Amino acid sequence: MQRITILGATGSVGVSTLDVVSRHLKKYEVFALTGKSKLETLAAQCQKFQPKYAVVMDASSAEILKGMLAATRTATRVIFGMDALCAVSEDSDVDIVMAAIVGAAGLLPTLSAVKADKKVLLANKESLVMAGQVFNQALRSSSATLLPIDSEHNAIFQCLPINKSLSVAGVDKILLSASGGPFKGLTLADMKKVTPEQACAHPNWSMGNKISVDSASMMNKGLELIEACWLFDVNPVQIDIVIHPQSVVHSLVQYVDGSVLAQMGHPDMRTPIAHALAWPERIASGVENLNLIDVARLDFEAPDLVNFPCLVLALEAARVGQNAPAVLNAANEVAVEAFLQRRIEFTQIAEVVKESMFNFNFTEPDSLELVQETDIEARRASATYISRIER
Ligand code: NAD
Ligand code: MG
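Residues numbered from 1 in each chain as written. Chains lettered and ligands numbered in written order. Predicted model: local features only at pLDDT ≥ 70, side-chain atom pairs only at ≥ 80, totals over all residues. Heavy atoms only, no water.

## Some thoughts on the coordination of the magnesium ion (ligand 2)
Basically, it comes down to this: Each metal's donors are the N, O and S atoms found within 2.8 Å of it, except that Na, K and Ca use a 3.2 Å limit; water is left out, so coordination can look incomplete. The helix count covers DSSP runs of H or I at least four residues long, the strand count covers runs of E at least two residues long, and both are numbered beginning at the N terminus. Think of it in three bands: with a 1.4 Å probe and only protein chains considered, a residue is buried below 20% of the maximum accessible area for its type, exposed above 50%, and partly exposed in between.
For the magnesium ion (ligand 2), the full set of protein donor atoms is D150 (OD), E152 (OE) and E224 (OE), and the range of their distances to it is 2.1 to 2.2 Å. Between consecutive donor residues of the magnesium ion (ligand 2), the sequence gaps follow D-x1-E-x71-E. In this pair, D150 is assigned in the loop between β7 (145-148) and α7 (151-159) and E224 in helix α12 (residues 219-232), connecting sequence segments 74 residues apart. Taking relative accessible area as the criterion, D150 reaches 7% and is therefore assigned buried.

Right, here's the structure in full:
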(Lines give C-alpha, C1' and ligand atoms only; values in the text may rest on other atoms or scores of the structure.)
(Ligands and ions follow the chains in the order given, each with its own letter.)
Protein backbone atom coordinates (compact mmCIF):
# COMPACT_ATOMS: atom_id res chain seq x y z
CA MET A 1 0.00 0.00 0.00
CA GLN A 2 1.43 3.40 -1.02
CA ARG A 3 0.32 6.45 0.97
CA ILE A 4 -0.23 9.67 -0.92
CA THR A 5 -0.54 13.34 -0.03
CA ILE A 6 -2.29 15.47 -2.63
CA LEU A 7 -1.36 19.15 -2.44
CA GLY A 8 -4.10 21.11 -4.22
CA ALA A 9 -6.62 18.25 -4.09
CA THR A 10 -9.60 20.49 -4.90
CA GLY A 11 -8.11 21.74 -8.18
CA SER A 12 -8.26 20.32 -11.67
CA VAL A 13 -5.14 18.11 -11.32
CA GLY A 14 -6.07 17.17 -7.72
CA VAL A 15 -9.53 15.96 -8.77
CA SER A 16 -8.06 13.96 -11.68
CA THR A 17 -5.52 12.41 -9.29
CA LEU A 18 -8.28 11.26 -6.94
CA ASP A 19 -10.16 9.83 -9.93
CA VAL A 20 -7.12 7.65 -10.79
CA VAL A 21 -6.56 6.72 -7.13
CA SER A 22 -10.22 5.71 -6.76
CA ARG A 23 -9.62 3.04 -9.46
CA HIS A 24 -6.76 1.47 -7.46
CA LEU A 25 -7.76 1.53 -3.82
CA LYS A 26 -5.86 -1.71 -3.14
CA LYS A 27 -2.65 0.02 -4.21
CA TYR A 28 -3.01 3.62 -2.93
CA GLU A 29 -4.28 5.09 0.32
CA VAL A 30 -4.85 8.82 0.76
CA PHE A 31 -2.85 10.26 3.68
CA ALA A 32 -3.62 13.97 3.30
CA LEU A 33 -5.66 16.28 1.09
CA THR A 34 -5.13 20.04 0.89
CA GLY A 35 -7.07 22.96 -0.56
CA LYS A 36 -7.36 26.70 -0.15
CA SER A 37 -10.98 27.23 -1.19
CA LYS A 38 -13.85 24.95 -2.42
CA LEU A 39 -14.29 23.61 1.12
CA GLU A 40 -17.40 21.61 0.15
CA THR A 41 -15.32 19.74 -2.42
CA LEU A 42 -12.59 19.11 0.15
CA ALA A 43 -15.16 17.87 2.70
CA ALA A 44 -16.69 15.48 0.13
CA GLN A 45 -13.21 14.21 -0.79
CA CYS A 46 -12.42 13.59 2.89
CA GLN A 47 -15.68 11.74 3.34
CA LYS A 48 -14.91 9.50 0.37
CA PHE A 49 -11.17 8.87 0.91
CA GLN A 50 -10.93 9.19 4.73
CA PRO A 51 -7.45 10.78 4.80
CA LYS A 52 -5.64 11.19 8.11
CA TYR A 53 -5.29 14.96 7.53
CA ALA A 54 -7.01 17.74 5.62
CA VAL A 55 -5.04 20.97 5.28
CA VAL A 56 -6.48 24.42 4.56
CA MET A 57 -4.70 27.76 4.60
CA ASP A 58 -6.28 29.69 7.51
CA ALA A 59 -8.04 29.24 10.86
CA SER A 60 -11.51 30.28 9.69
CA SER A 61 -11.46 27.80 6.76
CA ALA A 62 -10.33 25.12 9.22
CA GLU A 63 -13.34 25.84 11.49
CA ILE A 64 -15.75 25.66 8.54
CA LEU A 65 -14.24 22.39 7.29
CA LYS A 66 -14.29 20.88 10.81
CA GLY A 67 -18.01 21.67 11.00
CA MET A 68 -18.66 20.00 7.64
CA LEU A 69 -16.68 16.88 8.61
CA ALA A 70 -18.35 16.61 12.04
CA ALA A 71 -21.76 16.61 10.33
CA THR A 72 -20.72 13.56 8.27
CA ARG A 73 -18.78 11.83 11.10
CA THR A 74 -15.52 11.94 9.11
CA ALA A 75 -12.53 11.36 11.38
CA THR A 76 -10.03 13.40 9.30
CA ARG A 77 -7.96 15.86 11.37
CA VAL A 78 -8.09 19.41 10.06
CA ILE A 79 -4.92 21.52 10.27
CA PHE A 80 -3.98 24.78 8.57
CA GLY A 81 -1.18 26.99 7.28
CA MET A 82 2.05 26.64 5.32
CA ASP A 83 3.80 24.65 8.08
CA ALA A 84 0.93 22.16 8.02
CA LEU A 85 1.26 21.82 4.22
CA CYS A 86 4.97 21.09 4.63
CA ALA A 87 4.29 18.63 7.48
CA VAL A 88 1.92 16.47 5.41
CA SER A 89 4.46 16.53 2.55
CA GLU A 90 7.37 15.27 4.63
CA ASP A 91 5.56 12.96 7.07
CA SER A 92 7.40 9.65 7.42
CA ASP A 93 4.16 7.75 6.67
CA VAL A 94 3.95 9.30 3.18
CA ASP A 95 5.37 7.61 0.06
CA ILE A 96 4.05 9.82 -2.76
CA VAL A 97 3.35 13.57 -2.91
CA MET A 98 1.31 15.03 -5.77
CA ALA A 99 2.38 18.70 -6.04
CA ALA A 100 -0.68 20.27 -7.64
CA ILE A 101 -0.95 23.66 -5.94
CA VAL A 102 -1.00 26.45 -8.50
CA GLY A 103 1.72 29.11 -8.49
CA ALA A 104 4.56 30.08 -6.19
CA ALA A 105 2.50 28.97 -3.16
CA GLY A 106 3.44 25.39 -4.07
CA LEU A 107 7.19 25.88 -3.70
CA LEU A 108 7.74 25.23 0.02
CA PRO A 109 5.63 22.07 0.43
CA THR A 110 7.03 20.63 -2.82
CA LEU A 111 10.59 21.29 -1.62
CA SER A 112 9.71 19.67 1.72
CA ALA A 113 8.62 16.53 -0.13
CA VAL A 114 11.87 16.47 -2.11
CA LYS A 115 14.00 16.94 1.01
CA ALA A 116 12.10 14.10 2.73
CA ASP A 117 13.02 11.71 -0.15
CA LYS A 118 9.45 11.22 -1.41
CA LYS A 119 8.31 10.17 -4.84
CA VAL A 120 7.24 13.64 -6.00
CA LEU A 121 4.76 14.04 -8.86
CA LEU A 122 5.29 17.59 -10.11
CA ALA A 123 2.35 19.43 -11.67
CA ASN A 124 3.26 22.76 -10.01
CA LYS A 125 5.56 24.01 -12.79
CA GLU A 126 5.87 27.48 -11.23
CA SER A 127 8.00 26.11 -8.36
CA LEU A 128 10.58 24.77 -10.81
CA VAL A 129 10.48 27.91 -12.96
CA MET A 130 11.11 30.23 -10.01
CA ALA A 131 13.57 28.06 -8.09
CA GLY A 132 15.04 25.55 -10.53
CA GLN A 133 18.55 25.83 -9.16
CA VAL A 134 17.55 25.46 -5.50
CA PHE A 135 15.09 22.73 -6.39
CA ASN A 136 17.68 20.68 -8.30
CA GLN A 137 20.23 21.13 -5.49
CA ALA A 138 17.69 19.69 -3.04
CA LEU A 139 16.95 16.87 -5.46
CA ARG A 140 20.63 15.97 -5.86
CA SER A 141 21.22 15.82 -2.12
CA SER A 142 18.15 13.64 -1.48
CA SER A 143 16.98 10.27 -2.70
CA ALA A 144 13.66 11.70 -3.91
CA THR A 145 12.28 10.71 -7.32
CA LEU A 146 10.83 13.57 -9.35
CA LEU A 147 8.29 12.62 -12.03
CA PRO A 148 6.73 15.22 -14.34
CA ILE A 149 2.94 15.50 -14.52
CA ASP A 150 2.74 18.36 -17.01
CA SER A 151 1.56 16.40 -20.07
CA GLU A 152 4.38 17.61 -22.34
CA HIS A 153 7.11 16.85 -19.80
CA ASN A 154 5.58 13.52 -18.95
CA ALA A 155 5.59 12.74 -22.70
CA ILE A 156 9.26 13.79 -23.03
CA PHE A 157 10.14 11.69 -19.97
CA GLN A 158 8.45 8.69 -21.60
CA CYS A 159 10.45 9.25 -24.85
CA LEU A 160 13.83 9.55 -23.11
CA PRO A 161 16.04 6.68 -21.95
CA ILE A 162 16.26 6.18 -18.18
CA ASN A 163 19.46 7.09 -16.29
CA LYS A 164 21.51 8.18 -19.30
CA SER A 165 22.73 11.66 -20.08
CA LEU A 166 21.02 13.06 -23.14
CA SER A 167 24.25 13.40 -25.11
CA VAL A 168 25.25 9.78 -24.43
CA ALA A 169 21.73 8.72 -25.41
CA GLY A 170 22.06 10.57 -28.74
CA VAL A 171 19.30 13.11 -28.09
CA ASP A 172 19.43 15.97 -30.58
CA LYS A 173 16.40 18.07 -29.65
CA ILE A 174 13.27 18.17 -27.55
CA LEU A 175 10.14 19.15 -29.47
CA LEU A 176 7.67 20.74 -27.04
CA SER A 177 4.06 20.60 -28.27
CA ALA A 178 1.60 23.45 -27.77
CA SER A 179 -2.03 23.60 -28.81
CA GLY A 180 -1.83 27.35 -29.47
CA GLY A 181 -4.68 27.97 -27.02
CA PRO A 182 -8.07 29.59 -27.63
CA PHE A 183 -6.63 32.67 -29.39
CA LYS A 184 -4.45 30.93 -31.99
CA GLY A 185 -4.66 32.85 -35.27
CA LEU A 186 -5.78 36.13 -33.63
CA THR A 187 -3.72 39.33 -33.70
CA LEU A 188 -2.82 41.40 -30.65
CA ALA A 189 -5.48 43.93 -31.72
CA ASP A 190 -8.10 41.12 -31.82
CA MET A 191 -7.05 40.04 -28.31
CA LYS A 192 -7.36 43.48 -26.71
CA LYS A 193 -10.95 43.07 -25.57
CA VAL A 194 -11.10 39.34 -24.80
CA THR A 195 -12.74 38.42 -21.48
CA PRO A 196 -11.55 36.08 -18.71
CA GLU A 197 -14.33 33.68 -19.77
CA GLN A 198 -12.99 33.55 -23.34
CA ALA A 199 -9.40 33.16 -22.13
CA CYS A 200 -10.37 30.29 -19.81
CA ALA A 201 -12.24 28.37 -22.52
CA HIS A 202 -9.38 26.16 -23.74
CA PRO A 203 -10.24 24.22 -26.91
CA ASN A 204 -8.79 20.84 -25.73
CA TRP A 205 -8.02 20.85 -22.00
CA SER A 206 -10.15 21.59 -18.95
CA MET A 207 -7.86 23.25 -16.37
CA GLY A 208 -7.72 25.78 -13.52
CA ASN A 209 -8.11 29.48 -14.39
CA LYS A 210 -4.48 30.52 -14.02
CA ILE A 211 -3.01 27.90 -16.35
CA SER A 212 -5.91 28.47 -18.78
CA VAL A 213 -5.02 32.18 -19.06
CA ASP A 214 -1.34 31.21 -19.38
CA SER A 215 -2.26 28.88 -22.24
CA ALA A 216 -4.22 31.66 -23.95
CA SER A 217 -1.26 34.07 -23.70
CA MET A 218 1.26 31.29 -24.53
CA MET A 219 3.09 32.17 -21.30
CA ASN A 220 2.36 28.57 -20.34
CA LYS A 221 4.59 27.30 -23.15
CA GLY A 222 7.37 29.65 -22.06
CA LEU A 223 7.07 28.44 -18.45
CA GLU A 224 7.12 24.87 -19.78
CA LEU A 225 10.29 25.49 -21.78
CA ILE A 226 12.02 26.70 -18.58
CA GLU A 227 10.52 23.75 -16.68
CA ALA A 228 11.94 21.36 -19.32
CA CYS A 229 15.43 22.92 -19.06
CA TRP A 230 15.53 22.13 -15.33
CA LEU A 231 13.87 18.72 -15.55
CA PHE A 232 16.00 17.35 -18.38
CA ASP A 233 19.19 19.40 -17.93
CA VAL A 234 19.09 21.02 -21.38
CA ASN A 235 19.63 24.56 -22.71
CA PRO A 236 16.77 26.59 -24.18
CA VAL A 237 18.35 26.22 -27.67
CA GLN A 238 17.89 22.44 -27.44
CA ILE A 239 14.10 22.85 -27.30
CA ASP A 240 11.84 23.72 -30.25
CA ILE A 241 8.21 24.65 -29.70
CA VAL A 242 5.77 23.15 -32.22
CA ILE A 243 2.14 24.20 -32.44
CA HIS A 244 -0.09 21.15 -32.71
CA PRO A 245 -3.74 22.20 -32.43
CA GLN A 246 -5.21 18.70 -31.85
CA SER A 247 -3.25 18.09 -28.58
CA VAL A 248 -2.81 14.40 -29.37
CA VAL A 249 0.99 14.34 -29.68
CA HIS A 250 2.00 15.56 -26.22
CA SER A 251 5.69 16.19 -27.13
CA LEU A 252 8.55 14.51 -28.96
CA VAL A 253 12.27 13.71 -28.71
CA GLN A 254 14.46 13.85 -31.80
CA TYR A 255 17.59 11.65 -31.88
CA VAL A 256 20.82 12.16 -33.86
CA ASP A 257 20.00 9.25 -36.19
CA GLY A 258 16.84 10.98 -37.43
CA SER A 259 14.43 9.02 -35.22
CA VAL A 260 11.69 11.05 -33.56
CA LEU A 261 9.80 9.46 -30.65
CA ALA A 262 6.44 10.87 -29.62
CA GLN A 263 3.96 10.10 -26.86
CA MET A 264 0.32 10.35 -27.92
CA GLY A 265 -3.03 10.11 -26.19
CA HIS A 266 -6.27 11.92 -25.50
CA PRO A 267 -5.79 15.32 -23.84
CA ASP A 268 -6.70 14.00 -20.37
CA MET A 269 -4.42 14.56 -17.37
CA ARG A 270 -5.32 11.15 -15.94
CA THR A 271 -2.83 9.58 -18.38
CA PRO A 272 0.31 11.39 -17.13
CA ILE A 273 -0.99 11.13 -13.54
CA ALA A 274 -1.44 7.33 -13.79
CA HIS A 275 1.92 7.02 -15.54
CA ALA A 276 3.77 8.86 -12.78
CA LEU A 277 1.80 7.30 -9.90
CA ALA A 278 2.67 3.76 -10.96
CA TRP A 279 6.07 4.40 -12.59
CA PRO A 280 7.99 2.28 -13.48
CA GLU A 281 4.89 0.11 -13.78
CA ARG A 282 1.67 0.98 -15.65
CA ILE A 283 -1.90 1.14 -14.35
CA ALA A 284 -5.25 1.91 -15.97
CA SER A 285 -6.16 5.61 -15.85
CA GLY A 286 -9.80 5.59 -16.94
CA VAL A 287 -8.83 7.29 -20.23
CA GLU A 288 -10.26 5.57 -23.30
CA ASN A 289 -8.02 4.22 -26.05
CA LEU A 290 -6.91 6.59 -28.78
CA ASN A 291 -8.61 5.85 -32.09
CA LEU A 292 -6.29 7.14 -34.82
CA ILE A 293 -8.98 6.79 -37.48
CA ASP A 294 -11.16 9.19 -35.46
CA VAL A 295 -8.22 11.55 -34.92
CA ALA A 296 -7.65 11.38 -38.71
CA ARG A 297 -5.09 14.16 -38.96
CA LEU A 298 -2.29 15.73 -36.96
CA ASP A 299 -1.22 19.29 -37.84
CA PHE A 300 2.01 21.05 -36.88
CA GLU A 301 3.09 24.66 -37.35
CA ALA A 302 5.58 27.22 -36.04
CA PRO A 303 4.67 29.37 -33.01
CA ASP A 304 3.50 32.96 -33.62
CA LEU A 305 6.10 35.16 -31.91
CA VAL A 306 4.55 38.41 -33.16
CA ASN A 307 1.14 38.16 -31.49
CA PHE A 308 2.17 36.27 -28.35
CA PRO A 309 4.64 38.55 -26.53
CA CYS A 310 4.38 36.54 -23.29
CA LEU A 311 6.09 33.64 -25.06
CA VAL A 312 8.86 35.95 -26.27
CA LEU A 313 9.37 37.31 -22.72
CA ALA A 314 9.60 33.78 -21.33
CA LEU A 315 12.13 32.78 -23.98
CA GLU A 316 14.14 35.88 -23.03
CA ALA A 317 13.97 34.92 -19.31
CA ALA A 318 15.14 31.40 -20.19
CA ARG A 319 18.07 32.83 -22.18
CA VAL A 320 19.08 35.33 -19.45
CA GLY A 321 18.80 32.75 -16.64
CA GLN A 322 19.72 33.90 -13.10
CA ASN A 323 16.51 35.03 -11.37
CA ALA A 324 14.86 36.29 -14.57
CA PRO A 325 12.45 33.28 -14.65
CA ALA A 326 11.47 34.00 -11.01
CA VAL A 327 10.70 37.63 -11.91
CA LEU A 328 8.78 36.54 -15.01
CA ASN A 329 6.77 34.04 -12.97
CA ALA A 330 5.91 36.45 -10.13
CA ALA A 331 4.94 39.29 -12.49
CA ASN A 332 2.82 36.91 -14.56
CA GLU A 333 0.97 35.56 -11.49
CA VAL A 334 0.12 39.10 -10.36
CA ALA A 335 -0.90 40.19 -13.87
CA VAL A 336 -3.07 37.10 -14.53
CA GLU A 337 -4.86 37.65 -11.21
CA ALA A 338 -5.50 41.32 -12.17
CA PHE A 339 -6.83 40.22 -15.58
CA LEU A 340 -9.14 37.64 -13.95
CA GLN A 341 -10.42 40.44 -11.68
CA ARG A 342 -11.00 42.58 -14.83
CA ARG A 343 -8.57 45.23 -13.61
CA ILE A 344 -6.37 45.04 -16.70
CA GLU A 345 -6.83 43.89 -20.29
CA PHE A 346 -5.56 40.57 -21.56
CA THR A 347 -2.85 42.20 -23.69
CA GLN A 348 -1.61 44.15 -20.65
CA ILE A 349 -0.42 40.91 -19.01
CA ALA A 350 2.63 41.00 -21.30
CA GLU A 351 3.08 44.73 -20.58
CA VAL A 352 3.21 44.11 -16.81
CA VAL A 353 5.68 41.23 -17.19
CA LYS A 354 7.89 43.22 -19.57
CA GLU A 355 7.91 46.28 -17.30
CA SER A 356 8.82 44.15 -14.26
CA MET A 357 11.57 42.26 -16.06
CA PHE A 358 13.24 45.25 -17.64
CA ASN A 359 13.46 47.17 -14.38
CA PHE A 360 15.02 44.32 -12.41
CA ASN A 361 18.70 43.82 -11.63
CA PHE A 362 19.12 40.09 -12.09
CA THR A 363 21.30 38.07 -9.70
CA GLU A 364 22.10 34.39 -9.16
CA PRO A 365 19.25 32.92 -7.04
CA ASP A 366 21.33 30.25 -5.31
CA SER A 367 19.41 30.14 -2.03
CA LEU A 368 15.76 29.78 -1.13
CA GLU A 369 15.90 33.15 0.65
CA LEU A 370 17.09 34.90 -2.54
CA VAL A 371 14.36 33.22 -4.57
CA GLN A 372 11.75 34.36 -2.05
CA GLU A 373 13.15 37.92 -2.00
CA THR A 374 12.98 38.04 -5.81
CA ASP A 375 9.41 36.79 -5.74
CA ILE A 376 8.32 39.43 -3.21
CA GLU A 377 10.13 42.27 -4.97
CA ALA A 378 8.80 41.35 -8.43
CA ARG A 379 5.25 41.05 -7.06
CA ARG A 380 5.53 44.48 -5.45
CA ALA A 381 6.85 46.08 -8.66
CA SER A 382 4.12 44.44 -10.77
CA ALA A 383 1.36 45.50 -8.37
CA THR A 384 2.64 49.09 -8.44
CA TYR A 385 2.71 49.12 -12.23
CA ILE A 386 -0.81 47.63 -12.40
CA SER A 387 -2.16 50.29 -10.04
CA ARG A 388 -0.86 52.89 -12.54
CA ILE A 389 -2.47 51.32 -15.62
CA GLU A 390 -5.65 49.68 -14.30
CA ARG A 391 -8.96 50.86 -15.64
P1 NAD B 1 -6.49 24.78 -9.93
O2 NAD B 1 -6.62 26.24 -9.82
O3 NAD B 1 -7.61 24.01 -10.53
O4 NAD B 1 -6.15 24.14 -8.50
C5 NAD B 1 -5.18 24.70 -7.67
C6 NAD B 1 -5.16 24.01 -6.30
O7 NAD B 1 -4.20 24.72 -5.47
C8 NAD B 1 -6.49 24.07 -5.56
O9 NAD B 1 -6.63 22.94 -4.76
C10 NAD B 1 -6.34 25.33 -4.68
O11 NAD B 1 -7.17 25.31 -3.53
C12 NAD B 1 -4.87 25.24 -4.32
N13 NAD B 1 -4.29 26.56 -4.03
C14 NAD B 1 -4.41 27.68 -4.79
N15 NAD B 1 -3.75 28.71 -4.22
C16 NAD B 1 -3.20 28.22 -3.08
C17 NAD B 1 -2.41 28.80 -2.05
N18 NAD B 1 -2.05 30.10 -2.09
N19 NAD B 1 -2.00 28.02 -1.03
C20 NAD B 1 -2.35 26.71 -0.98
N21 NAD B 1 -3.12 26.11 -1.92
C22 NAD B 1 -3.53 26.86 -2.95
O23 NAD B 1 -5.13 24.51 -10.76
P24 NAD B 1 -4.77 23.26 -11.69
O25 NAD B 1 -5.23 23.53 -13.07
O26 NAD B 1 -5.14 21.98 -11.01
O27 NAD B 1 -3.17 23.40 -11.74
C28 NAD B 1 -2.36 23.05 -10.63
C29 NAD B 1 -0.91 23.07 -11.08
O30 NAD B 1 -0.71 22.07 -12.07
C31 NAD B 1 -0.47 24.39 -11.73
O32 NAD B 1 0.85 24.66 -11.39
C33 NAD B 1 -0.59 24.10 -13.22
O34 NAD B 1 0.32 24.87 -14.00
C35 NAD B 1 -0.21 22.64 -13.27
N36 NAD B 1 -0.77 21.91 -14.42
C37 NAD B 1 -2.12 21.79 -14.55
C38 NAD B 1 -2.66 21.12 -15.64
C39 NAD B 1 -4.14 20.94 -15.79
O40 NAD B 1 -4.58 20.24 -16.71
N41 NAD B 1 -4.97 21.53 -14.96
C42 NAD B 1 -1.80 20.58 -16.60
C43 NAD B 1 -0.43 20.73 -16.43
C44 NAD B 1 0.09 21.39 -15.33
MG1 MG C 1 1.43 21.39 -20.17
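## Topic: the sheet that holds strand β1 (residues 2-7)
Note the cut-off: Between any two strands, pairing holds if DSSP finds at least two bridges. In this analysis, axes come from line fits to C-alpha atoms, helices being fitted only over the stretch in contact, and the angle between any two N-to-C directions falls in the range 0 to 180 degrees. Only heavy atoms enter the contact rule, under which two residues are in contact if any of them lie within 4.5 Å.
The 7 strands are arranged β4-β3-β2-β1-β5-β6-β7 in an open sheet whose pairing can be described as parallel. The open sheet terminates on both sides in strands that have one partner only, identified here as β4 (77-80) and β7. Strand-to-strand, the axes of this sheet are offset by a mean angle of 25°, without reference to chain direction. Relative to strand β3 (residues 53-56), strand β2 (residues 28-34) runs parallel, the two sharing 3 bridges. In the sheet register, L33 faces β3, and the bridge partner there is A54. Contacts between helix α3 (residues 59-71) and the sheet are confined to β3 and β4, with β4 contributing the most and set at about 170° to the helix.

## Observations regarding the pattern of salt bridges
Condition: Salt bridge, as used here: a side-chain nitrogen of Lys or Arg that lies within 4 Å of a carboxyl oxygen of Asp or Glu.
In the structure shown here, the tally under the stated rule is 22 salt bridges. Between K125 and D150 there is a salt bridge, with its nearest N and O atoms 2.8 Å apart. Of this pair, K125 sits in helix α6 (residues 125-140) while D150 is found in the loop between β7 and α7, placing the two residues 25 residues apart along the sequence. Here the salt bridges share partners, and the residues they tie into one network are K125, D150, E152, K221 and E224.

## Some thoughts on the nonpolar core
The cut-off we apply is this: Residue types Ala, Val, Leu, Ile, Met, Phe, Trp, Tyr and Cys, when buried and joined through side-chain atoms within 4.5 Å, form a set referred to as a nonpolar core. How far each domain reaches was decided by an automatic or database domain assignment.
Within the largest apolar cluster, 90 residues are counted, with the highest numbers of intra-cluster contacts made by F232, L328, F346 and I349. For this core, the element with the highest residue contribution is helix α16 (residues 324-340), accounting for 11 residues. Among the domains, domain 1 (2-149) and domain 2 (155-390) are the pair contributing at least three residues each to this core. Residues within four places of I349 in sequence aside, it is in contact with V213, C310, N332, A335, V336, F339 and I344. Ranked by size, the runner-up nonpolar core spans 36 residues in total, among them A54, L69, A123 and I149.

## Observations concerning the pairing of strand β6 (residues 119-122)
One face of the sheet, then the other: side chains in a regular strand alternate in exactly this way. In plain terms, the rule: The crossover handedness rule: strands pointing away from the viewer, path from first strand over the helix to second strand clockwise, crossover right-handed.
Side-chain alternation along β6 places K119 and L121 on one buried face and V120 and L122 on a second face that is also buried. Alignment of strand β5 (residues 96-99) against β6, held across 4 bridges, turns out to be parallel. Paired with I96 across the bridge in β6 is K119. Where the polypeptide runs from β5 across helix α5 (residues 107-115) and back to β6, its parallel neighbour, the crossover connection is right-handed. Here β6 runs beside β7; their pairing, made up of 4 bridges, is parallel. By the bridge assignment for β7, L121 is matched with L147. Read from β6 through α6 to β7, the crossover connection turns out right-handed.

## Some points on the domain arrangement of the protein
Here is the rule: Reported buried area values correspond to the accessible surface (1.4 Å probe) lost by two parts on association, with both partners' losses combined. As used in this structure description, the phrase polar contact means that two N or O atoms lie within 3.5 Å; if the pair is within protein, one of them must be able to donate a hydrogen and the other to accept it, and residues adjacent in sequence are counted only when both atoms belong to side chains.
The domain architecture assigned to the protein consists of domain 1 (2-149) and domain 2 (155-390). If you average the C-alpha positions of domain 1 and of domain 2, the two centres end up 23 Å apart. Listed per partner, the contact involves 39 residues of domain 1 and 41 residues of domain 2. Summed over both partners, the interface of domain 1 with domain 2 comes to about 3,300 Å²; 69% of that surface belongs to carbon and sulfur atoms. The interface formed by domain 1 and domain 2 includes 4 salt bridges. Close ionic contact of R270 with D19 constitutes a salt bridge, the shortest N to O distance being 3.1 Å. Taken together, domain 1 and domain 2 are joined by 13 residue pairs in polar contact (both at pLDDT 80 or more). If you list the elements that add at least two residues to the side of domain 1 that touches domain 2, you get α1 (12-22), β5, α5, β6, α6 and β7.

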